[in-house]
Amino acid sequence: MSDTGSVVIETDQGFIHSAGIQLAKFAGIAIAGLAAFIYLLWIIAGDAGSTTSGNAIDVENNSITIALREEPPQLDANRATDASSLVVLAHVMEGLLGYDIDSQLVPGVAERYEIRADGATFWLREDAFWSDGVPVTAKDFVFSWKRVVNPETASQYAFILYPIKNAEAINSGELPVETLGVRAVSDRVLEVEFERPTPYFDKLVAYLTYFPVREDFFNSTEGRYGADADMLLYNGAYLLTEWVHGSTMRWVKNPSYWNRENKGFLDEIRTAYITQDINAKLNLFKDGQIVDTHLLSPMLPTAMEQRWPIDRSMDGSVFYLEFNHRNDRITRNKNLRRALQLAQDSNELVYKVLKEPSYLPGVSLFPAWLTGVSESFQKEYPPVRHQMNVEKAREHLELARQELGLDEFPPLMMLAGDTPISLLAAEYYQQLFRKNLGLEFRIDVQIFKQRLEKMRQGEFDIVLSGWGPDYNDVLTYGDLFSSWNLQNRGRYNSSEMDSWIRIAQSELDPQKRMDAFGEIQRLLYEDVVILPMYERGFSFVVDSRLQDFRRRSVGPEVDYNYAYIDSSSD
Amino acid sequence: MLSYILKRLVQGILTVWFIATATFFAMHNVPGDPLTNDRAMTDTTRANLEAKYGLDQPTTTQYLIFLRNLSQGDFGISFVQENREVNDIIREHFPVSAILGVLAVIFAATGGVLFGALTALYRNRLPDYLIMFLVIMGISVPSFVVAALSQLSLVAFNNLIGFTVIPVAGWGTILHMLVPAMVLGLSTMAYLTRLMRSSMLEVTSSDYVRTAKSKGVPATRIFTRHQLRNAILPVITVLGPAIAAITTGGFVVELVFAIPGLGRYFVEAVQQLDYTVIMGTTVFYGAFLVFMVIIVDVLYGFIDPRVRLET
């Protein structure tokens, strides 16, 4: 009976009582010690990347607080490729042309311009200044553009300057940088020579790769251009005055901005939060800490309960299933592709599977918001009215089987991204094609960069892919499936397609040019190059006191350039 | 003693070297590289970028260059944050993670010891059942759920009061830190509570406690000197690795509460195949973990005289 002792101790009420009191004392000491320690930490941590917390809208100081999705990698416009950098740069810098509140092209640094078959001329305004008071001149554009195409800069967006004479040759190291077809006739006149006619050049110069960079300032940054708030010169409606990496930014109204009567009404915009977590953003909005956030469909009931005015916008991008057209793939067989085309319907995907109310079912590579000659492109050139037809699909599948000389189809590889929407869509198509055609698909889920690499290597039969616009012209989508486009990762190759794209690139007559896009759209359907899935949109909410905030399809996804506070509309 | 520490340090360095090497080659064998981007690049642009970052060299050469730079404490420049040195990223963001982590560990340790002692003292009675139920919840509910729920409760709480008492997310003041730290420390606290409880119960039935009791030593003295002090040893053993695990594992909490810590860079670097940042954070975290374990082992010798540190 050696362990009876413990039993005695445990059941000894007096012991428990006094030990309990002792424990309570310890707890008290611990809590006091903790409080003291926290106070100490508070003092130490004072400057370790603090985010200023304030209210979403500060009427008194005429300022707002927003959240960014990601930390901008860097703010060198010549090299930036991501959406967050675009959002910041679109507020603190300005190109030759820009977009007004309704996404129409308007003068920026250039007060007027002329586009001819062989080139273009831009006349710069007198009152456009850099943030250090020096005027923005044509030389700043020449320096910037030469820097972009210089192979040493290795700008990933250099291709967007290829319409300029010799740009492509310079970028691939065949010609010296000095031969670029752009020169400053004077401080205020910029002359551009084209490689080939480029009727949409005005839309290109609104893109951030074309933004100006001043040579003497650039050299003074010693390779750190755009790395910090003081490593950049500004000429936009706002100035970036503070940038704590990974944490906060402060955009302040630019007092010397030429167009301050129409743009940049807020004294200050603070990006106090950087998070990709959409639920966190929703909570911040609910708590009155940020002015806007977008919503996913599961959040809509909450938003309606709160009686928030929910708005919608298209984010500009189109998502589609892209086939692998390489020789060693059975998806090269057109009857197989036709069978898959006939066996699916994007309406079902969007309305029954994804259930995102702001998404539109995909009907074409060219999304609904694009303009044609004078009105909506889809109105002027209606896409083929697709009808799901399983019976016909099976006939085409049988033809494909005979043409390919197969007894039965091997499992096909479907490459997908790791986002919830992408997975949902992939699983839907997997079961749809199994049910309708008896075809087996293996879903290969990869994170972003690995999916891109597998696309580049051609390790797929079908890939869930998508495209977002760079500039506001049909061509931003239109040349995707040319044989020379590196973006054409399924290696679709058709001389008919190529010839239509050549016309679309260079034709000066708007009607003939749009006709070419109409043909491209037809060919994409008839040749089953892709299967459109959906056009992405966002439901979003904005603080009702903030007027004229915009979410855009082209340009920055969120635009506060025209926003102002109206405290009366509470 | 000194030779023991030296030996452990050499072992530690070898461990870190092994971690670095394994990560390096695993990383280079993943499809794609840091340059892969949405917009396809021309061969010339790619070649230029590869030359700029030294990616055109064979992997073994890159490895040797990496080792040489590592020996000088230089991890290079991030591929994504193109103008920032990895060392700067670690220097700027690790303090945030560390503060959050230390706070979380303190919460976890104090809570764990107190609750553990309490449950042991009131074994099989209401406080025990209640706390053990919460402990099981704390261990089994993943931190992203707890984080999201606590954030939601904060919103509700602030709405109830009428103004923002405790910030919902962000970083800067002590009020920003409290809730994330608690969420981060929760599962460790639950784990420590269980550990403390079982260790307490073991001590309670030991001979020396019975002897002390029979000698007529006062109850509070038995409780603090004989029971608590001995029962706390296993808790201290796991504390070192727990500090490292909490400090490095705060990614979810950092994401949900928009905290500019290093965890976010650690995870995003992997997704973006940002080679230099992956290596920098992995080696840094690896070294940190190894170092913490060594410190605990050494400290253990002081706390428990029975442990002799010998070579």
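The shown structure was predicted, so the numbers you read here are calculated from the model rather than taken from an experiment.

About the thresholds
Residues numbered from 1 in each chain as written. Chains lettered and ligands numbered in written order. Predicted model: local features only at pLDDT ≥ 70, side-chain atom pairs only at ≥ 80, totals over all residues. Heavy atoms only, no water. Helix = DSSP H or I, 4+ residues; strand = E, 2+ residues; numbered from the N terminus. Buried < 20%, exposed > 50% of the residue type's maximum accessible area, 1.4 Å probe, protein only. Contact = heavy atoms within 4.5 Å. Areas by Shrake-Rupley, 256 points an atom, 1.4 Å probe, with all protein chains shown as cover. Lys, Arg positive; Asp, Glu negative; His and termini not counted. Charge placed at Lys NZ, Arg CZ, Asp CG, Glu CD. Axes fitted to C-alpha atoms, helices over the stretch in contact; angles between N-to-C directions. Parallel < 35°, antiparallel > 145°, perpendicular 65-115°, else oblique. Polar contact = N/O pair within 3.5 Å; in protein donor to acceptor, adjacent residues only side chain to side chain. Pairing = 2+ DSSP bridges. Phe/Tyr/Trp six-rings, centres within 6.5 Å; stacked < 30°, edge-to-face > 60°. Lys NZ or Arg CZ within 6 Å of the ring centre and 35° of its normal. Salt bridge = Lys/Arg side-chain N within 4 Å of Asp/Glu carboxyl O. Expected span 1.5 Å × (residues − 1). Bend = angle between axes of the 7 residues up to and from the residue. Nonpolar A, V, L, I, M, F, W, Y, C, P; charged D, E, K, R; others polar. Core = buried A, V, L, I, M, F, W, Y, C linked by side-chain atoms within 4.5 Å. Left-handed = near helix turned anticlockwise from the far one by under 90°.

Novice: Just checking my understanding: could you explain the overall build of chain B for this structure?
Specialist: When you go through chain B residue by residue, the secondary structure sums to twelve helices and zero strands. N-terminal to C-terminal, the α/β element order of chain B is α-α-α-α-α-α-α-α-α-α-α-α. In terms of principal-axis extent, the alpha carbons of chain B reach across some 85 × 60 × 30 Å. Looking at chain B residue by residue over its 311 residues, the buried ones come to 51%. Within chain B, counting contacts between residues at least 6 apart in sequence, those at least 24 apart form 73% of the total. Of the roughly 14100 Å² of accessible surface on chain B, a fraction of 67% belongs to carbon and sulfur atoms. Of the side chains in chain B, 21 bear a positive and 19 a negative charge, and the two mean positions are spaced by 19 Å.

Novice: Mind showing me how you'd approach the packing of helix α8 (residues 278-286) of chain A against helix α6 (residues 143-161) of chain B here?
Specialist: A pair of packed helices is captured by two measures, namely the crossing angle of their axes and the spacing between those axes. Where α8 of chain A contacts α6 of chain B, the axes come no closer than 10 Å and their chain directions differ by 5°. The angle between the axes of α8 of chain A and α6 of chain B places the two elements in the roughly parallel class. Contacts between α8 of chain A and α6 of chain B involve Asn 279, Ala 280, Asn 283 and Lys 286 of chain A from the former and Gln 151, Leu 152, Val 155 and Asn 159 of chain B from the latter.

Novice: Explanation requested: the side chain of Thr 198 of chain A in the structure shown.
Specialist: All names here are of chain A. Here Thr 198 is to be found in the loop between β8 (189-193) and α6 (201-204). Taking the relative accessible area as the measure of exposure, Thr 198 reaches 0% and is therefore buried. At 2.8 Å, the side chain of Thr 198 and the backbone oxygen of Arg 196 are in polar contact. Apart from residues no more than four positions distant in its own chain, Thr 198 is found in contact with Ile 115, Pro 163, Leu 204 and Gln 505.

Novice: Would you mind going over the sheet that holds strand β6 (residues 119-124) of chain A with me for this structure?
Specialist: Strand pairing in a sheet takes place through backbone hydrogen bonds and is either antiparallel or parallel in direction. Residues and elements named next belong to chain A. Pairing is antiparallel across the open sheet formed by four strands, whose spatial order is β5-β6-β8-β7. Where the open sheet ends on each side, the last strands, each with one partner, are β5 (110-115) and β7 (182-186). Between one strand axis and the next, the sheet turns through 20° on average, direction left out of account. Summarising the sheet, β5 and β6 pair through five bridges and their orientation is antiparallel. Looking at β6, one finds that Ile 115 is bridged to Ala 120. Running over the sheet, helix α4 (residues 138-149) touches β6, β7 and β8 and is turned about 165° from β7.

Novice: I would appreciate a short explanation of the side chain of Asn 171 of chain A in the present structure.
Specialist: Structurally, Asn 171 of chain A is set in helix α5 (residues 167-171). Side-chain polar atoms of Asn 171 of chain A contact the side chain of Thr 45 of chain B, separated by 3.5 Å. Not counting residues within four places of it along the chain, the set of residues in contact with Asn 171 of chain A comprises Val 148, Val 149, Asn 150, Pro 151, Ala 158 and Tyr 162 of chain A together with Thr 42, Thr 44, Thr 45 and Asn 48 of chain B.

Novice: Would you mind showing me how to read the sheet that holds strand β10 (residues 248-253) of chain A here?
Specialist: Residues and elements named next belong to chain A. The five strands lie next to each other as β1-β2-β11-β10-β9, forming an open sheet whose pairing is mixed. The open sheet has two edge strands with one neighbour each: β1 (57-58) and β9 (238-244). In terms of strand pairing, strand β2 (residues 63-68) meets strand β11 (residues 268-274) through six bridges, oriented parallel. When the bridges of β11 are listed, Ala 67 appears paired with Tyr 273.

Novice: Is there a simple way to think about the packing of aromatic side chains in this case?
Specialist: In this description, an aromatic ring pair is defined by two values, namely the gap between the centres and the angle between the planes. All names here are of chain A. If you walk through the whole model with that rule in mind, you get 39 aromatic pairs over all chains. Taking 6.0 Å as the distance between ring centres and 70° as the angle between the ring planes, the aromatic pair formed by Phe 540 and Phe 549 counts as edge-to-face. Summarising the burial analysis for this pair, Phe 540 and Phe 549 share the class buried. Here a set of aromatic residues connected by ring pairs shows up, and it is made of Tyr 113, Phe 122, Phe 141, Trp 145, Phe 194, Phe 201 and Tyr 210. Taking NZ or CZ as reference, Arg 125 lies 3.4 Å from the ring centre of Trp 258, over its face. In this structure, Arg 551 packs its charged tip against the face of Phe 540, placed 5.7 Å from the ring centre.

Novice: I'm lost on the pattern of salt bridges in this one. Help?
Specialist: Charged atoms that come close allow side chains of opposite charge to pair. Residues and elements named next belong to chain A. Within the structure shown, the criterion is met by 38 salt bridges over all chains. With a shortest N-O distance of 2.7 Å, Asp 473 and Arg 513 are connected by a salt bridge. Residue Asp 473 is located in the loop between β17 (462-467) and α16 (475-478), and its partner Arg 513 is located in helix α18 (residues 510-526); the two are separated by 40 residues in the primary sequence. Under the relative-accessibility criterion, Asp 473 is labelled buried at 3%.

Novice: Would you mind showing me how to read helix α9 (residues 219-248) of chain B here?
Specialist: Between its first and last C-alpha, α9 of chain B extends 41 Å over 30 residues, near the 44 Å set by a 1.5 Å rise per residue. Of all bends in α9 of chain B, the biggest is about 35°, found at Leu 228 of chain B.

Novice: Teacher, can you tell me more about the interface of chain A and chain B here?
Specialist: Where the parts come together, the accessible area they lose is often given as the size of the interface. On the side of chain B, 78 residues touch chain A, which itself brings 77 residues to the contact. Across the contact surface, chain A and chain B share one salt bridge. At the boundary of chain A with chain B, the tally comes to 13 residue pairs in polar contact (both at pLDDT 80 or more). Mapped onto the side of chain A that touches chain B, the elements with two or more residues apiece are α1 (4-11), α2 (13-44), β11, α8 and α15 (448-457) of chain A. Counting residues per element, the side of chain A that touches chain B draws most heavily on α2 of chain A, which supplies 16 residues. The class makeup of the residues in the side of chain A that touches chain B is 34 nonpolar, 31 polar and twelve charged.

Novice: For this particular structure, what's the right way to read the nonpolar core?
Specialist: Residues and elements named next belong to chain A. Counting 108 residues, the largest nonpolar core has Phe 122, Trp 145, Phe 201 and Tyr 560 as its most contacted members. The element that contributes the greatest number of residues to this core is α4, accounting for seven residues. Contact partners of Phe 122, with chain neighbours within four places excluded, come to Leu 96, Leu 97, Ala 110, Arg 112, Tyr 113, Arg 188, Val 189, Leu 190, Val 192, Phe 201 and Val 205. In this structure, Ile 330, Leu 349, Met 414 and Phe 441 belong to the second largest nonpolar core, which totals 36 residues.

Novice: Would you mind showing me how to read the environment of Val 155 of chain B here?
Specialist: If you trace the backbone, Val 155 of chain B turns up in helix α6. For Val 155 of chain B and Gly 240 of chain B, which are 85 residues apart along the polypeptide, the C-alpha to C-alpha distance reads 34 Å. What Val 155 of chain B contacts, discounting residues up to four positions off in sequence, is Asn 283, Lys 286 and Asp 287 of chain A together with Val 168 of chain B.

Novice: Would you explain the packing of helix α4 (residues 86-121) of chain B against helix α7 (residues 174-204) of chain B in this entry?
Specialist: Residues and elements named next belong to chain B. Where α4 meets α7, the closest approach of the two axes is 6 Å, and the angle between their N-to-C directions is 35°. Regarding α4 and α7, the two cross each other, and that crossing is right-handed. Each residue belonging to the contact of α4 with α7 can be placed in one class, and the counts come to 22 nonpolar, eight polar and one charged.

Novice: What is the right way to look at α4 of chain B in this model?
Specialist: In an α-helix, one turn spans 3.6 residues, which is why side chains three or four residues apart end up on the same side. Residues and elements named next belong to chain B. The end-to-end C-alpha distance of α4 is 50 Å, a good match for the 52 Å that 36 residues give at a rise of 1.5 Å each. Helix geometry: α4 is bent most strongly at His 93, by close to 35°, with proline Pro 95 lying one to four residues after it. Within α4, 27 of the 36 residues are buried, leaving the element largely enclosed by the surrounding structure.

Novice: Hey, could you run me through unusual backbone geometry in this one?
Specialist: One non-glycine residue, Glu 222 of chain A, lies in the positive phi region at around 50°. Looking at the element boundaries, Glu 222 of chain A is found in the loop between α7 (215-220) and β9. For Ala 258 of chain B, which is not glycine, the phi dihedral falls at a positive 50°. By the element assignment, Ala 258 of chain B lies in the loop between α10 (251-256) and α11 (262-272).

Novice: Before we go on, may I ask you to explain the pairing of β6 of chain A in this structure?
Specialist: The side chains of a regular strand alternate between both faces of the sheet. All names here are of chain A. With five of six residues buried, β6 lies mostly within the body of the structure. Relative to β8, β6 runs antiparallel, the two sharing five bridges. Directly across from Thr 121, in β8, lies its bridge partner Glu 191.

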